[in-house]
Amino acid sequence: MENCKKCNGLKWIIDKEKGKAIPCSCQSTTKEYPFDLPPKFQKSSFENFQTYKQTQLFQAKRISEEFAKKFPIVEYGLLFVGPNGVGKTHLVCAIYNKILKEKNIRGVFIDFSNLNFKLKETFSFEEATGEFIDFLVNTPLLIIDDLGSIKATTWFQDILYEIINQRYLKNKPLLATTAYQIEDTQKETLCERIGDGITSRLLELCKVIEIQAKDHRKEVFQAGYKTK
């Protein structure tokens, strides 16, 4: 797809009168909200979340429902930790959908690797990077999916720490998921993927929800393929 000639695909332009970066007109509000849930999870709900009669899944669902019910008056965010396919992303999206439907509060959902990409897009303009960081800091609810999916560079760590730390200081909740354990002597840890400082701040900002279960997603899909 051809880049916008006005912003050259950066999605931001410099407003010389205001002396700052502003969204380009190509990012019209009539377009799809750029930080909405992925199509695969737009119908995620607590009602269609399967616990498979497993205690940890049931508890994770209960805590998620309680968070959505109390939001925005919550004491902490939630960090879902567990292997792929156990329902972490489904739960954070179910929380988002519940809050949007019942309280009409829109937040931001962004994948960890996509966050890195979006920040790099604004890197040529310091003002644009600052505007984007402010946007992530001040949104009522920030969801970062798949923390550690890429190994964060020092540059990315610095910006990520700023975002998380500012939300911590402003008492703004964060929802996050990761397939990396906080502590593990045999495998690479979340600390090693995103840095000790960020992990430490996350643990202050979020309640850790451990989900150690089978990859039900793989089982369900493979079973479906076999019947075709």
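Refer to the structure above for everything that follows.
Reading guide: rules and limits
Residues numbered from 1 in each chain as written. Predicted model: local features only at pLDDT ≥ 70, side-chain atom pairs only at ≥ 80, totals over all residues. Heavy atoms only, no water. Core = buried A, V, L, I, M, F, W, Y, C linked by side-chain atoms within 4.5 Å. Buried < 20%, exposed > 50% of the residue type's maximum accessible area, 1.4 Å probe, protein only. Helix = DSSP H or I, 4+ residues; strand = E, 2+ residues; numbered from the N terminus. Contact = heavy atoms within 4.5 Å. Expected span 1.5 Å × (residues − 1). Arc of directions from axis to C-beta. Pairing = 2+ DSSP bridges. Right-handed = clockwise from strand over helix to strand, strands pointing away.

Caption draft 1: Spotlight on the nonpolar core. In this structure, F112, L115, I144, L147, L174 and L202 are the most contacted members of the largest nonpolar core, which totals 30 residues. Of the residues forming this core, the biggest block, five residues, is contributed by helix α5 (residues 154-169). Contact partners of F112, with chain neighbours within four places excluded, come to I144, D145, D146, L147, G148, S149, I150, A152, F156, L160 and I194. Core analysis: the next-biggest nonpolar cluster, separate from the first, contains 28 residues, C93, A94, I95 and I143 among them.

Caption draft 2: Representation of helix α1 (residues 55-70) within the structure. An ideal rise of 1.5 Å per residue puts 22 Å on 16 residues; α1 measures up with 23 Å between its terminal C-alpha atoms. All of the buried residues along α1 are L57, A60, K61, I63, S64, F67 and A68. End-on, the buried residues of α1 take up no more than an arc of 165°, which puts them together on one face. Looking at α1, the residues exposed on the side facing more than 90 degrees away from the buried face are T55, F58 and K69.

Caption draft 3: Layout of the environment of C4. Examined against the element boundaries, C4 turns out to sit in the segment before β1 (12-15). The class of C4 is partly exposed, set by a relative accessible area of 22%. On a C-alpha basis, the gap between C4 and C24 in space is 8.9 Å, while along the polypeptide they are 20 residues apart.

Caption draft 4: Up close: unusual backbone geometry. Residue P72 follows F71 across a cis peptide bond; omega there is 10°. Note on placement: P72 falls in the loop between α1 and β3 (77-81). Its identity is not glycine, yet K53 carries a phi of approximately 60°, on the positive side. By the element assignment, K53 lies in the loop between β2 (20-23) and α1. Its identity as a non-glycine residue notwithstanding, D146 has a phi of 65°, on the positive side. Inspection of the secondary structure assignment puts D146 in strand β5 (residues 142-147).

Caption draft 5: Layout of the pairing of strand β6 (residues 174-178). Across the five residues that make up β6, a large majority, five, are buried. Both faces of β6 are covered, namely the face carrying L174, A176 and T178 and the face carrying L175 and T177. As paired elements, β3 and β6 share four bridges and run parallel to each other. What sits directly across from F80, in β6, is T177. One ladder, built from four bridges, connects β5 with β6; its direction is parallel. Bridged to L147 within β6 is T178. A crossover connection joins β5 to the parallel β6 through α5; in handedness this β-α-β unit is right-handed.

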